[in-house]
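Secondary and tertiary structure notes
Below are the chains, spelled out letter by letter.
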Amino acid sequence: MEIGVMGYYFSICSMERYQEKFIEFLLEHYGQLQLPYSFPLSLSFIASPVLMNKEAILCFDEENEDIVGAVGLIFGTGENQYQDTHIVQIQIAYIVKEHRRTRMFLEGLQFVTQYLAHLDEGVSELRFWAPADGTLRNLFGKLAERTASHETAFGTLDEYRGTLADWQDYAAKFRHLEYF
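Right, let's walk through the structure included here. (Residues numbered from 1 in each chain as written. Predicted model: local features only at pLDDT ≥ 70, side-chain atom pairs only at ≥ 80, totals over all residues. Heavy atoms only, no water.)

Considering the overall build of the protein
So the rule is basically this: Every helix listed is a DSSP run of H or I at least four residues long, and every strand listed is a run of E at least two residues long, numbered separately from the N terminus. Atoms counted for the radius of gyration: C-alpha only. Globule rule: 2.2 Å times the number of residues to the power 0.38. Only protein chains enter the accessibility calculation, which uses a 1.4 Å probe; a residue whose area is less than 20% of its type maximum is buried, one above 50% is exposed, and one in between is partly exposed. Between two residues, a contact is recorded if the distance between any of their heavy atoms is within 4.5 Å. Residue exposure ignores everything except the shown protein chains as possible cover, and the areas themselves are Shrake-Rupley values with a 1.4 Å probe. Neither His nor the chain ends contribute to the count of charged residues, in which Lys and Arg are positive and Asp and Glu negative. All charge positions are set by atom: Lys at NZ, Arg at CZ, Asp at CG, Glu at CD.
A tally of regular secondary structure across the protein gives 6 helices and 8 strands. Starting at the N terminus and ending at the C terminus, the protein contains elements arranged as β-β-α-α-α-β-β-β-α-β-α-β-β-α. Relative to a compact globule of 180 residues, whose C-alpha radius of gyration would be 16 Å, the protein shows 16 Å and is just as compact. Oriented by its inertia axes, the alpha-carbon framework of the protein measures out at about 40 × 35 × 35 Å. Put simply, the protein has 180 residues, and 43% of those count as buried. In the protein, of all internal contacts separated by at least 6 residues, the share reaching a separation of at least 24 is 62%. Within the structure as shown, the protein displays about 9700 Å² of accessible surface, and the carbon and sulfur contribution to it stands at 50%. Where the 14 positive side-chain charges of the protein centre and where its 26 negative ones centre are 6 Å apart.

Right, dumping it as C-alpha cells:
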C-alpha cells in the first residue's frame, strides 16, 4: 500500500525487499536514533515489526525517491502475548534531520492514523516510549498522556498512551492547511 502526500509518499513494507530497506535505513541512522537501550535491545525494537510480520512503514521523498523516514508498529503487548491487538505499540519512528518539520510529522501522523483506522484489528490505543525531555514532553503531550516514567541504565524513559480517535482528531485539524 502506498499513499502519496505533497512531496512525500508512505509505503507499507509488505515485500521482503522493502523490509530489508526498512532495517537497513534504521541501522544506517542508528547513531542518530539515540535509542536509550543496549544495541541488542535496540536491534530488537528496530527489527520487531518485520520479524513479527507487522507494520514497517517507509517514507520516501517524492522528488528524489530517497528514504527519509521510517515507522515500525506492532500489535498487542508482550504481557498479553500480543493478543490485545487493539493496542498498537510504536517501536520506532525516525525522520532524517533534513526532513524534520511539522509538515512531514503531520503527513506521517495522517498516514498512520488513516491506515490503522482501516484495519480489521479494531485499533483503539497507541503506545510509545521516548526519552524524558521537556521538548519531547511538550510535543508528545499534544498526542498522548504520559502515563509513567521508567529509569533505565541509559536514562529515563517516558511512556505515553493515546487513543486512535484522539490522534485522528489532532491530525484532522491540519488537513485544511494550504501546504496539504
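As for helix α4 (residues 102–117)
Applied cut-off: Multiply 1.5 Å by the residue count of a helix minus one, and that product is the helix's expected span.
Its 16 residues place the ends of α4 22 Å apart at the C-alpha level, agreeing with the 22 Å of an ideal helix rising 1.5 Å per residue. Considered for burial, the residues of α4 that qualify are Met104, Leu106, Glu107, Gly108, Leu109, Gln110, Phe111, Val112, Thr113, Tyr115 and Leu116.

Concerning the nonpolar core
We count it as follows: We define the nonpolar core as a collection of buried residues of types Ala, Val, Leu, Ile, Met, Phe, Trp, Tyr and Cys that are connected through side-chain atoms lying within 4.5 Å of one another.
One finds Phe22, Leu26, Leu116 and Trp167 to be the most contacted residues of the largest nonpolar core, which totals 46 residues. With 7 residues, α4 is the single largest residue contributor to this core. Leave out the neighbours within four places in its chain, and Leu116 touches Leu73, Phe75, Val88, Val123, Leu126 and Leu164.

What to know about a nonpolar patch on the surface
To keep things clear, this is the line we draw: Patch members must show over 30% relative accessible area and no salt bridge, and they are joined within 9 Å when carrying like charges or within 5 Å when they are nonpolar side chains of Val, Leu, Ile, Met, Phe, Trp or Tyr. Put simply, a salt bridge is a Lys or Arg side-chain nitrogen that is within 4 Å of an Asp or Glu carboxyl oxygen.
There is a patch of nonpolar side chains on the surface, built from Leu27, Phe39 and Leu43 and spanning about 230 Å² of accessible area. Within the secondary structure layout, Leu43 lies in helix α3 (residues 39–51).

A word on the layout of surface pockets
Defined as follows: A pocket, in this scheme, is an open set of points on a 1 Å grid over the protein atoms alone with protein on both sides within 12 Å along at least 5 of 7 lines, while a cavity is a set where a 1.4 Å probe fits but cannot get out; residues line either one if an atom lies within 4 Å of a point. Grid points are joined across faces, edges and corners, and a volume is the space filled by probe spheres set on the points. Basically, the charged four are Asp, Glu, Lys and Arg, the nonpolar ten are Ala, Val, Leu, Ile, Met, Phe, Trp, Tyr, Cys and Pro, and anything else, Gly included, counts as polar.
Considering only enclosed or pocket space, the largest pocket measures out at about 1400 Å³ in volume. In this structure, the largest pocket is lined by 41 residues; those nearest its centre are Ala93, Tyr94, Ile95, Leu136 and Phe140. Elements with a minimum of two residues in the lining of the largest pocket: α2 (30–33), β3 (55–61), β4 (66–75), β5 (87–95), α4, β6 (125–131), α5 (134–140) and α6 (164–172). Along the lines of polarity and charge, the residues of the lining of the largest pocket split into 31 nonpolar, 6 polar and 4 charged.

As for the pattern of salt bridges
Per the counting criterion, the structure on display carries 5 salt bridges. In this structure, Arg137 and Asp158 form a salt bridge, with 2.6 Å as the shortest nitrogen-oxygen distance. Here Arg137 is found in helix α5, whereas its partner Asp158 is found in strand β8 (residues 155–163), with 21 residues between them in sequence. Residue class for Arg137 comes out partly exposed when judged on its relative accessible area of 31%. Asp158 gets classed as buried once you look at its relative accessible area, which sits at 0%. Glu159 is the salt-bridge partner of Arg161, the closest N and O atoms lying 2.9 Å from each other. Overall, Glu159 belongs to the buried group, its relative accessible area being 8%.

Observations regarding the packing of aromatic side chains
Formally: Planes of paired rings set the category: under 30 degrees apart is stacked, over 60 is edge-to-face and the rest tilted, where pairs are Phe, Tyr or Trp rings (Trp by its six-membered ring) whose centres lie within 6.5 Å.
Taken as a whole and assessed by the stated rule, the structure comprises 11 aromatic pairs. Ring geometry for Phe25 versus Tyr94: centroids 5.9 Å apart, planes at 50°, classification tilted. Here the residue Phe25 occupies a position in helix α1 (residues 16–28), and Tyr94 occupies one in strand β5, the gap between them amounting to 69 residues. The class of Phe25 is buried, set by a relative accessible area of 4%.

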